[in-house]
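Chain residues, written in single-letter form:
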Amino acid sequence: MSERIFIGVAWPYADGPLHLGHIAGAYLPPDIFARYHRLKGNEVLMVSGSDQHGTPITIKAEREGKKPGQIASQYHQQFLDSWQKLGISFDLFTSTGTANHAEVARHIFLTLLDKGYIYKATISQAFCSHCQRFLSDRYIEGTCPYCHSSGARGDQCDDCGKPINPAELIDPRCRLCGSTPQFRDSEHFFLKLSAFRDRLLDWVKQQTHWRQNVLNFTVSYLERGFEGQGYYPRYRLGNTCAHSWC
Ligand SMILES: [Zn+2]
Ligand SMILES: [Zn+2]
């Protein structure tokens, strides 16, 4: 009997062209999987799209003097061309810029807010007085406190792979103007992930097809709880980000 196979492929940030790492890590494996199941006669739905909302896009846009929307559409088009040339067989490749995406995201946000699963809290965040703006993690760079590499970002060090809290960086600098940021209080929305901890743990422990290291990492992460792990949980497995190309 034919099975229904859904393949949700990681959504690439539309902030630059694809390289071989993207293809080898994130797009070729699901395409092979999809083709295998189609050959078997299964009903396959392989879906992904351009993430048009990430900070990397606004950084790129500011550097090139363009609007974030221009950068996002430019690379979205490039992605579509690449899939066609490479023969990557998405059943749907959309983007986070659609009306449908906005509607679904709004519905999820408001439902979580209404049920008390989203709350506001104040955190200390880097502020650049030259640029007159708060700087998100990727807008800050400096020296890694672990390996002393000079090109670490406010969210991670590419050289040693460690996640970083921007306040830990040695000699932090604004990536836009090079000034030293100050840390000020700033209010943000947070997802109350701790409310789902027990249910998540139960579900994760029932998975029989996960790789053992992934399973161990996830269980120990959930068992430790979410407090004191920086501004937000880091989706990392050793040196490998869940976005395998990062
Ligand atoms: Zn480092
Ligand atoms: Zn600045």
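Residues numbered from 1 in each chain as written. Chains lettered and ligands numbered in written order. Predicted model: local features only at pLDDT ≥ 70, side-chain atom pairs only at ≥ 80, totals over all residues. Heavy atoms only, no water.

Colleague: Is there a simple way to explain the overall build of the protein chain in this structure?
Modeller: Each helix and strand in the protein chain was counted, giving six helices and 11 strands. For the C-alpha atoms alone, the extent of the protein chain along its principal axes is close to 60 × 45 × 40 Å. The 246 residues of the protein chain split such that 37% are buried. Long-range contacts, defined as pairs at least 24 residues apart, comprise 65% of the intrachain contacts of the protein chain with a sequence gap of at least 6. Carbon and sulfur atoms make up 53% of the accessible area of the protein chain, which amounts to about 14,900 Å² in all. (Helix = DSSP H or I, 4+ residues; strand = E, 2+ residues; numbered from the N terminus. Buried < 20%, exposed > 50% of the residue type's maximum accessible area, 1.4 Å probe, protein only. Contact = heavy atoms within 4.5 Å. Areas by Shrake-Rupley, 256 points an atom, 1.4 Å probe, with all protein chains shown as cover.)

Colleague: Would you mind going over the sheet that holds strand β6 (residues 140–143) with me for this structure?
Modeller: Strand pairing in a sheet takes place through backbone hydrogen bonds and is either antiparallel or parallel in direction. Taking strand neighbours across the sheet as the criterion, the three strands line up as β7-β6-β8 in an open arrangement whose pairing is antiparallel. Edge positions in the sheet fall to β7 (152–153) and β8 (170–174), since each of these pairs with one other strand and no more. Here β6 pairs with β8 via three bridges, running antiparallel. Of the residues in β8, the one forming a bridge with T143 is I170. (Pairing = 2+ DSSP bridges.)

Colleague: Help me understand the packing of aromatic side chains, please; the structure alone is not making it clear to me.
Modeller: Given two aromatic rings, one states the distance between the centres and the angle between the planes to describe the pair. Counted according to the given criterion, the structure contains 13 aromatic pairs. Where F79 meets W83, the ring centres are 6.4 Å apart and the plane angle is 40°; that geometry is what we call tilted. Residue F79 and its partner W83 are located together in helix α3 (residues 68–86), separated by four residues, close to a single helical turn. Overall, F79 belongs to the buried group, its relative accessible area being 1%. Both rings, one in Y119 and one in F190, keep their centres 5.8 Å apart while their planes meet at 25°; by these two values the pair is stacked. Of this pair, Y119 sits in strand β4 (residues 118–128) while F190 sits in strand β9 (residues 182–191), placing them 71 residues apart in sequence. Three or more aromatic residues joined by ring pairs form one cluster here, namely Y27, F79, W83, F90 and F93. Note that R184 overlies the ring of F127, its terminal NZ or CZ placed 3.9 Å from the centroid. (Phe/Tyr/Trp six-rings, centres within 6.5 Å; stacked < 30°, edge-to-face > 60°. Lys NZ or Arg CZ within 6 Å of the ring centre and 35° of its normal.)

Colleague: How should I be thinking about the coordination of the zinc ion (ligand 1) in this particular structure?
Modeller: Ideal geometry at a metal centre gives angles of 109.5 degrees when four donors are arranged tetrahedrally and 90 or 180 degrees when six donors are arranged octahedrally. The zinc ion (ligand 1) binds to the protein through C144 (SG), C147 (SG), C157 (SG) and C160 (SG); the donor distances cover 2.3 Å. Given four donor atoms and angles of 105 to 115° at the metal, the environment of the zinc ion (ligand 1) is assigned as tetrahedral. Spacing between the donor residues of the zinc ion (ligand 1) along the chain follows C-x2-C-x9-C-x2-C. Of this pair, C144 sits in the loop between β6 and β7 while C157 is found in the loop between β7 and β8, placing the two residues 13 residues apart along the sequence. When sorted by exposure, C144 lands in the same class as C157, which is buried. (Donors = N, O, S within 2.8 Å, 3.2 Å for Na, K, Ca; no water. Tetrahedral: all angles 85-135°; square planar, octahedral: opposite > 155°, others 65-115°.)

Colleague: Looking at this structure, I do not really get the coordination of the zinc ion (ligand 2). What am I missing?
Modeller: Within the first shell, the zinc ion (ligand 2) binds the protein through C128 (SG), C131 (SG), C174 (SG) and C177 (SG), at distances of 2.3 Å. Coordination geometry of the zinc ion (ligand 2): the four donor atoms subtend angles of 102 to 115° at the metal centre, consistent with an arrangement described as tetrahedral. Sequence spacing of the donor residues for the zinc ion (ligand 2), all on one chain, is C-x2-C-x42-C-x2-C. In this pair, C128 sits in strand β4 while C177 sits in the loop between β8 and β9, placing the two residues 49 residues apart along the sequence.

Colleague: Just checking my understanding: could you explain a nonpolar patch on the surface for this structure?
Modeller: Nonpolar side chains collect at one region of the surface, where L110, L113 and F189 lie side by side and expose about 280 Å² of accessible area between them. Along the chain, the position of L113 falls in helix α4 (residues 99–114). On the basis of relative accessible area, L113 is assigned to the partly exposed category, the value being 35%. (Patch = residues over 30% accessible without salt bridge, like charges linked within 9 Å, V, L, I, M, F, W, Y side chains within 5 Å. Salt bridge = Lys/Arg side-chain N within 4 Å of Asp/Glu carboxyl O.)

Colleague: It is not clear to me how the nonpolar core should be interpreted in this structure. Could you clarify?
Modeller: A general feature of soluble globular proteins is that nonpolar side chains tend to end up buried together. Ranked by size, the top nonpolar core spans 21 residues in total, and within it I7, Y27, M46, F79, W83 and F90 carry the most contacts. Of all the elements, α3 adds the most residues to this core, at five residues. Residues I59, A126, A152 and I164 belong to the second largest nonpolar core, which totals 13 residues. (Core = buried A, V, L, I, M, F, W, Y, C linked by side-chain atoms within 4.5 Å.)

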